[in-house]
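An overview of the molecular structure
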Amino acid sequence: MNATDDPSSAQLQAKVDAARSRGCSVCNADTCGHEILFSIAMGLGHQPQCVSCLARGMGRPRRQLRDHLRDHFRHRDCYGEVWRRENEREGFAGDSLPQCLWSAAEMSHGVDPHCASETITEPSDELAVIGQVADVWDAGEMACGDLVLALRTRMNALPPGARLKLTARDQGAVEDIPAWSRMTGHALLAQRHPHYWIQRKE
Ligand SMILES: [Zn+2]
Ligand SMILES: [Zn+2]
């Protein structure tokens, strides 16, 4: 599909463009389009951050967060399309790892294998284990950056360990919700699209 035909990637591009000149909302460093796109995927499109501040805020190593987000974008047309356009804008080949965020040494050695030391809670098929939910939210057709932005606000309003049942009908949620949960550290207890049960991190 051509980017101009895809409303979700056009909306995403508009969000990146709107945040382009703002700089990192934490350290004021310049942020490139890739970093703004990372921020949007983490639910922080309204206050974009450089990748270092983003990683610090999530308590994750910078390279790990960066590589996870890049992997996630490979599975999502809307993000992938904008990623390629930002590559071109910054003068990098469409599908390459852009040198604004990857060093030449990293590229010649390939990207680190990641996740090895990470404990990941795999979603369960057994809904009985979920127990009580503290909040129920139907996000309707919300997609891409809007969904995770609103989800972040919902999760932050919950006490640690509390659970949210989310209904998200956009097909992209199948990829976005597990990736977002993994990167933010919230536990995705179960997933039966369009329903997702997420437990706030302690
Ligand atoms: Zn920063
Ligand atoms: Zn960049």
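Scroll up to find the structure this text is about.
Described below are features of the structure shown in this document.

What counts and what doesn't
Residues numbered from 1 in each chain as written. Chains lettered and ligands numbered in written order. Predicted model: local features only at pLDDT ≥ 70, side-chain atom pairs only at ≥ 80, totals over all residues. Heavy atoms only, no water. Helix = DSSP H or I, 4+ residues; strand = E, 2+ residues; numbered from the N terminus. Expected span 1.5 Å × (residues − 1). Buried < 20%, exposed > 50% of the residue type's maximum accessible area, 1.4 Å probe, protein only. Pairing = 2+ DSSP bridges. Axes fitted to C-alpha atoms, helices over the stretch in contact; angles between N-to-C directions. Contact = heavy atoms within 4.5 Å. Phe/Tyr/Trp six-rings, centres within 6.5 Å; stacked < 30°, edge-to-face > 60°. Donors = N, O, S within 2.8 Å, 3.2 Å for Na, K, Ca; no water. Parallel < 35°, antiparallel > 145°, perpendicular 65-115°, else oblique. Nonpolar A, V, L, I, M, F, W, Y, C, P; charged D, E, K, R; others polar. Tetrahedral: all angles 85-135°; square planar, octahedral: opposite > 155°, others 65-115°.

For helix H7 (residues 144-156), which comprises 13 residues, the first-to-last C-alpha distance of 19 Å matches the rise-based estimate of 18 Å (1.5 Å per residue) to within 8%. Restricting attention to buried positions, one finds in H7 the residues Cys144, Gly145, Leu147, Val148, Ala150, Leu151 and Met155.

This part is about the sheet that holds strand E1 (residues 135-138). Taken together, the four strands give an open sheet; going across it, the order is E1-E2-E4-E3, and neighbouring strands pair in mixed fashion. Two strands bound the open sheet, and with one partner strand each, they are E1 and strand E3 (187-192). Across this sheet, the average inter-strand angle for adjacent strands is 15°, counted without regard to direction. The pairing of E3 with strand E4 (residues 195-199) spans five bridges and is classified as antiparallel. By the bridge assignment, Arg192 is partnered in E4 with His195. Those strands touched by H7 are E1, strand E2 (163-167) and E4, and its axis lies near 165° from that of E1.

Attention now goes to the packing of aromatic side chains. The description of two aromatic rings rests on the distance between their centres and on the angle between their planes. All chains considered together, the criterion is met by five aromatic pairs. Look at Phe73 and Tyr79: their rings are 4.7 Å apart centre to centre, the planes differ by 10°, and that puts the pair in the stacked class. Taken as a pair, Phe73 and Tyr79 share a single burial class, namely buried. Between the aromatic rings of Trp83 and Trp102, the centroid separation amounts to 6.2 Å while the plane-to-plane angle is 80°, which identifies the pairing as edge-to-face.

It is worth spelling out the coordination of the zinc ion (ligand 1) at this point. Taken together, Cys24 (SG), Cys27 (SG), Cys50 (SG) and Cys53 (SG) make up the full set of protein donors to the zinc ion (ligand 1), lying 2.3 Å away. All donors of the zinc ion (ligand 1) belong to a single chain; written as a sequence motif, their spacing is C-x2-C-x22-C-x2-C. Remark: Cys50 occurs in the loop between helix H2 (33-41) and helix H3 (51-58) and Cys24 occurs in the loop between helix H1 (7-19) and H2; sequence separation between them is 26 residues. Given a relative accessible area of 1%, Cys24 falls into the buried group. Residue Cys50 is classed as buried on the basis of its relative accessible area of 8%.

Two elements in contact, H2 and helix H4 (residues 62-74), have axes whose closest approach is 11 Å; the angle formed by their N-to-C orientations is 80°. Between H2 and H4, the crossing angle belongs to the class labelled roughly perpendicular. Of the residues in H4, those touching H2 at Leu37, Phe38 and Ala41 are Arg66, Leu69, Arg70 and Phe73. In terms of residue class, the contact of H2 with H4 is made up of five nonpolar, no polar and two charged.

Let us look at the coordination of the zinc ion (ligand 2). For the zinc ion (ligand 2), the full set of protein donor atoms is Cys32 (SG), His34 (ND1), Glu90 (OE) and Cys100 (SG), and the range of their distances to it is 2.1 to 2.2 Å. In this structure, the zinc ion (ligand 2) is surrounded by four donor atoms whose angles at the metal cover 92 to 125°, and the resulting shape is tetrahedral. Motif for the zinc ion (ligand 2), donor spacing along one chain: C-x1-H-x55-E-x9-C. For the pair formed by Cys32 and His34, the shared burial category is buried.

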